[in-house]
Amino acid sequence: MEEADESREEISAQMPSSCPNRVRRKCSLSGTAGLTGREGQVARGSRDDSSPQEPWHLRNMISKSRWKLLATLALVLAVMVWYSISREDRYTELFYFPIPGKKEPCLQGEAERMASKLFGNYSREQPVFLQLKDYFWVKTPSAYELPYGTKGSEDLLLRVLAITSYSVPESIQSLKCRRCVVVGNGHRLRNSSLGEAINKYDVVIRLNSAPVAGYERDVGSKTTLRLFYPESAHFNPKVEDNPDTLLVMVAFKAMDFHWIESILSDKKRVQKGFWKQPPLIWDVNPKQIRILNPFFMEIAADKLLSLPIQQPYKIKQKPTTGLLAITLALHLCDLVHIAGFGYPDAHHKRQSIHYYEYITLKSMVWSGHNVSQEALAIKRMLEIGAVKNLTYF
Ligand SMILES: CC(=O)N[C@H]1[C@H]([C@H](O)[C@H](O)CO)O[C@](OP(=O)(O)OC[C@H]2O[C@@H](n3ccc(N)nc3=O)[C@H](O)[C@@H]2O)(C(=O)O)C[C@@H]1O
Ligand SMILES: CO[C@@H]1[C@H](O)[C@@H](O)[C@H](O[C@H]2[C@H](O)[C@@H](NC(C)=O)[C@H](OCc3ccccc3)O[C@@H]2CO)O[C@@H]1CO
């Protein structure tokens, strides 16, 4: 209070009484040095002022100045808060700590904005899963063959889509803001104690045959979507998944459609054409199966890894299932966090790459994945804030 009175006096002391109303602000800046006698008294807001209007104007101006001062302070404070938050983001961009027991703040449309930044001009209209209508009535012409498109596999696909579904479940559809976490299979999840935090996301995306049973403390137990291909399908999905988990098949070759059709329609199994034996008996509910739109593979390959569409080599380069899942999440979700991504560096070649088994980088020599290139793509996503990482990178 005292301070306020002082500042009022200070301002009023600088105010020449001769200032006309319209130039008051300018006038006040010119100062009152040398004001004496009555002039000085008026400038200080003297009570015996012959013009009864002046003290009111002075008070008005004082309160205006005070508001201006407060507004400036608030602005400075806001800038400081904004700056410190953005700095904090930069520090944590490679490693994000979820607050236990607290749901992540979710900004509707945020991942979509980030996806546009990353992928440039790309269609939001694409369905997440392939749908029968696109192959039944009007055959959707696809520019590419598998794995980036469905060209040449339409009839096979028609049969598969007739026995599977394509809808995004209402439980996901109805969410105002979708918080998603993509759980990679990396060794970094071991002893991470992230299970509880992972289970809190609306959508938990897992990959291949990554187990949860026995690893709940580190990786959680909720699985909303699991991306897989025949060679990576878990032999006992009921143990690792929830009854409502969507099993999303990523097709790399026509044989993958053959496999899922033979399983679901109980047709004769074909064993040739796979690089690893997939399950021949697979106990799943057909309602849980979806076929991922190859569009996401194209986006990951082209926009994130700059891979050529046509590859004349024996070992064709392709995105890992994890990178594909992040691409999908940026399309499906509003907030995308990741965990368990990142391979050991050259100095730790003998370190396991998985959280659930001992297997080294050597196993990936024929995989057609460029993990260094993928690391750069993920770092870029972390840097622009498109995704946040719950484990280190
Ligand atoms: C031998 C082999 O072919 N291994 C491939 C395996 C294998 O086919 C399945 O595990 C079988 O169940 O699958 C892959 O991947 P994998 O199943 O190992 O891991 C799933 C995804 O997690 C991310 N990851 C994994 C380990 C690690 N140290 N850092 C990571 O970032 C990657 O994004 C990875 O995609 C695959 O599908 O991409 C890629 C691997 O190259
Ligand atoms: C997302 O890719 C999946 C997995 O991560 C890859 O490791 C795997 O790569 C296999 C590749 O697809 C096979 N290629 C063909 C044409 O089937 C390859 O087959 C053996 C081979 C080896 C060397 C040269 C030619 C062929 O085996 C790779 C695994 O070692 O693909 C997965 C998707 O299917």
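Residues numbered from 1 in each chain as written. Chains lettered and ligands numbered in written order. Predicted model: local features only at pLDDT ≥ 70, side-chain atom pairs only at ≥ 80, totals over all residues. Heavy atoms only, no water.

You'll find the protein entered in an unreviewed UniProt entry as CMP-N-acetylneuraminate-beta-galactosamide-alpha-2,3-sialyltransferase 4, with Balaenoptera musculus given as the organism. Annotation of the protein in UniProt includes, under Sequence similarities (unreviewed entry), the sentence "Belongs to the glycosyltransferase 29 family." If you open the UniProt record of the protein and go to Pathway (unreviewed entry), you find "Protein modification; protein glycosylation." (UniProt positions renumbered as here; feature names shortened; annotations may be inferred.)

## Description of the site of ligand 2
The immediate surroundings of ligand 2 are formed by Y229, F252, W275, I315, K318, P319, T321, W366, S367 and H369. Within the side chain of K318, an N or O atom sits 3.3 Å from an oxygen atom of ligand 2. Between an oxygen atom of ligand 2 and a side-chain N or O atom of H369, the distance comes to 2.6 Å. Starting from 670 Å² of accessible surface for ligand 2 in isolation, the protein chains cover 68%. Looking at the shell around ligand 2 residue by residue, the classes come out as 6 nonpolar, 3 polar and 1 charged. (Near = heavy atom within 4 Å. Polar contact = N/O pair within 3.5 Å; in protein donor to acceptor, adjacent residues only side chain to side chain. Areas by Shrake-Rupley, 256 points an atom, 1.4 Å probe, with all protein chains shown as cover. Nonpolar A, V, L, I, M, F, W, Y, C, P; charged D, E, K, R; others polar.)

## Section: the packing of helix α13 (residues 295-304) against helix α14 (residues 321-332)
In the contact formed by α13 and α14, the axes pass within 9 Å of each other and the chain directions differ by 105 degrees. Taken as axis vectors, α13 and α14 run roughly perpendicular relative to one another. Of α14, the residues touching α13 (which contributes F295, F296, M297, I299, A300 and L304) are L323, L324, T327, L328 and H331. Tallied by class, residues from the contact of α13 with α14 come to 9 nonpolar, 2 polar and no charged. (Axes fitted to C-alpha atoms, helices over the stretch in contact; angles between N-to-C directions. Helix = DSSP H or I, 4+ residues; strand = E, 2+ residues; numbered from the N terminus. Parallel < 35°, antiparallel > 145°, perpendicular 65-115°, else oblique. Contact = heavy atoms within 4.5 Å.)

## A few points about the pairing of strand β3 (residues 225-228)
In β3, alternate side chains face the same way, and those of L225 and L227 on one face and R226 and F228 on the other are all buried. Pairing of β3 with strand β4 (residues 246-249), which is carried by 4 bridges, proceeds in the parallel orientation. Looking across to β4, one finds that F228 is bridged to M249. (Buried < 20%, exposed > 50% of the residue type's maximum accessible area, 1.4 Å probe, protein only. Pairing = 2+ DSSP bridges.)

## Examining the pattern of salt bridges
Going through the model one piece at a time under the given rule, you end up with 12 salt bridges. Put simply, E110 and R113 hold a salt bridge, and the shortest N to O gap is 2.9 Å. Taken together, the positions of E110 and R113, both in helix α5 (residues 110-119) and 3 residues apart, correspond to about one turn of that helix. R113 gets classed as partly exposed once you look at its relative accessible area, which sits at 44%. (Salt bridge = Lys/Arg side-chain N within 4 Å of Asp/Glu carboxyl O.)

## Brief notes about the pairing of strand β6 (residues 335-339)
The element β6 is extensively covered by neighbouring structure, given that 5 of its 5 residues are classed as buried. Where burial is concerned, the two faces of β6 agree: the one with L335, H337 and A339 and the one with V336 and I338 are both buried. In this sheet, β6 lies alongside strand β1 (residues 179-183) in parallel orientation, the contact comprising 5 bridges. Bridge pairing links V182 to I338 in β6. As paired elements, β6 and strand β7 (residues 388-389) share 2 bridges and run parallel to each other. Across the sheet, the residue bridging to H337 is K388, located in β7. The parallel pair β6 and β7, bridged by helix α15 (residues 371-383), forms a crossover whose chirality is right-handed. (Right-handed = clockwise from strand over helix to strand, strands pointing away.)

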